[in-house]
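Reading the structure
In case you want the letters, here they are:
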Amino acid sequence: MARVWHITGANTGFGLELALKALAEGDRVIAAVRTPSKVPDSLKRPEVEVLQFDLAWSQEDINNYAEKAFAAFGKIDVVVNNAGYSYMGAIEESEDSAVKAQFDTNVFALLRLVRAVLPGLRSQGSGTIINLSSIGGLVSYPSNGIYCATKFAVEAITQALATEIAPFGLKAVIVEPGYFRTAFLTSVAAGANIAPALEVYEGTPAHEARAAFTKYNGAQPGNPKEGAARIWEYVADEGLLKGKDKLLRLPLGTDSGTLIKQHAAELSETVAHYEDVWRSTDFKE
């Protein structure tokens, strides 16, 4: 039976590639986009319902939107929280208004949509929520700390959510892409969504990272078509994911997998190094 995918930001990047993969496999797609007129021709087909969706909407607005989304094809099998952006700059360079806007888009909008779709998913007794995290959802980087903080939040939210909704027959998964060759860094390379530079950071890792954003744009190792295929296979239990246990996290990209291995090793080293310390702090009863 054809699945129905609800994908935010389905008109570009990972969202578009995932929508096209789902359609190629005979599924249907609800493309949730801020500007429907910008949806590419490849999504203008009967199996796609294009709905206007704005991450800035209130909870009430998104609740009303969810009713419309469920009505489009009579159900939603997979909810993909994909839309988001990155605000770059050193922590000291960051500005409150921009930080709040980053969290509202990447975290609070995700929360509002999750709250809105859960009653419908529960009534079905089935459904999967896929939240896009990042290679920066586990490890933070210079001049990327605010964005990474939002993805750390997505990791925590989804980990709790997965346990909370399991009794209702629902699933939640964290997708952790590395750097994929999408337009994700394009706005930063063009000077948008980046904090004003402080001269004191010249020659330090913070500003070296700024320069790297531009140089890396268009040279990312990840193929978004392959990344989208793995996400579809996770849900469908097909391809490389066929027969594999479906764990909480789905790393995508050699850089992501390598970093997770390194991070796990660092955590193991830390806990071993401080074992006498952390064991010393309990009551002696």
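So, how was this worked out
Residues numbered from 1 in each chain as written. Predicted model: local features only at pLDDT ≥ 70, side-chain atom pairs only at ≥ 80, totals over all residues. Heavy atoms only, no water. UniProt positions renumbered as here; feature names shortened; annotations may be inferred. Helix = DSSP H or I, 4+ residues; strand = E, 2+ residues; numbered from the N terminus. Rg over C-alpha atoms; globule rule 2.2 N^0.38 Å. Buried < 20%, exposed > 50% of the residue type's maximum accessible area, 1.4 Å probe, protein only. Contact = heavy atoms within 4.5 Å. Areas by Shrake-Rupley, 256 points an atom, 1.4 Å probe, with all protein chains shown as cover. 1 Å grid on protein atoms, 1.4 Å probe; cavity = no way out; pocket = protein on both sides within 12 Å on 5 of 7 lines; lining within 4 Å. Points joined across faces, edges and corners; volume = space filled by probe spheres on them. Nonpolar A, V, L, I, M, F, W, Y, C, P; charged D, E, K, R; others polar. Lys, Arg positive; Asp, Glu negative; His and termini not counted. Salt bridge = Lys/Arg side-chain N within 4 Å of Asp/Glu carboxyl O. Polar contact = N/O pair within 3.5 Å; in protein donor to acceptor, adjacent residues only side chain to side chain.

Going by what an unreviewed UniProt entry lists, the protein chain is known as NAD(P)-binding protein and is assigned to Aspergillus pseudodeflectus. Comment text from UniProt for the protein chain, heading Sequence similarities (unreviewed entry), reads "Belongs to the short-chain dehydrogenases/reductases (SDR) family."

Once that is clear, we can look at the overall build of the protein chain. In terms of helices and strands, the protein chain carries 9 helices and 7 strands. Over its C-alpha trace the protein chain gives a radius of gyration of 20 Å, about what one expects of a compact globule, namely 19 Å for 285 residues. Along the first, second and third principal axes, the C-alpha set of the protein chain runs to 55 × 55 × 40 Å. Residues classed as buried in the protein chain amount to 44% of the 285 residues present. Within the protein chain, counting contacts between residues at least 6 apart in sequence, those at least 24 apart form 69% of the total. Summing over all exposed atoms, the protein chain offers an accessible surface of approximately 14,300 Å²; the carbon and sulfur share of this is 55%.

A few words on empty space enclosed by the protein. Under the criterion given, the structure shown has 1 cavity of 30 Å³ or more. Counted as a void, the largest cavity has a volume near 90 Å³. Every residue along the wall of the largest cavity is listed here: Thr-8, Leu-55, Asn-81, Asn-82, Ala-83, Thr-105, Asn-106, Leu-110, Leu-132, Lys-151 and Val-154. Only α3 (96-124) and α4 (145-165) provide two or more residues apiece to the lining of the largest cavity. Per element, the largest residue contribution to the lining of the largest cavity is 3 residues, and it comes from α3. Class assignment for the residues of the lining of the largest cavity results in 5 nonpolar, 5 polar and 1 charged.

Rolling a probe over the atoms, with the probe sized like a water molecule, indicates the empty space that remains. The calculated volume of the second largest pocket comes to roughly 190 Å³. Lining the second largest pocket, in full, are Tyr-234, Leu-240, Leu-241, Lys-244, Asp-245, Lys-246, Leu-247, Arg-249, Leu-250 and Pro-251. By residue number, the principal contributor to the lining of the second largest pocket is strand β7 (residues 249-252), which donates 3 residues.

Note that Lys-151 resides in helix α4. It is Glu-155 that comes nearest to the buried, bridge-free Lys-151 among opposite-charge side chains, at 8.8 Å. In terms of polar contacts, Lys-151 uses its side chain to reach the backbone carbonyl oxygen of Leu-132, at 2.8 Å. Ignoring anything within four residues of it in the chain, the contact list for Lys-151 reads Leu-132, Ser-133, Ser-134, Gly-136 and Gly-137.

Take the side chain of Asn-81 next. For Asn-81, the location among the structural elements is in strand β4 (residues 78-81). Judged by its relative accessible area of 7%, Asn-81 falls in the buried class. Engagement of the side chain of Asn-81 in a polar contact is seen with the side chain of Asn-131, the distance being 2.8 Å. Apart from the residues within four sequence positions on either side, Asn-81 is in contact with Thr-8, Leu-110, Leu-113, Val-114, Ile-129, Ile-130, Asn-131 and Leu-132.

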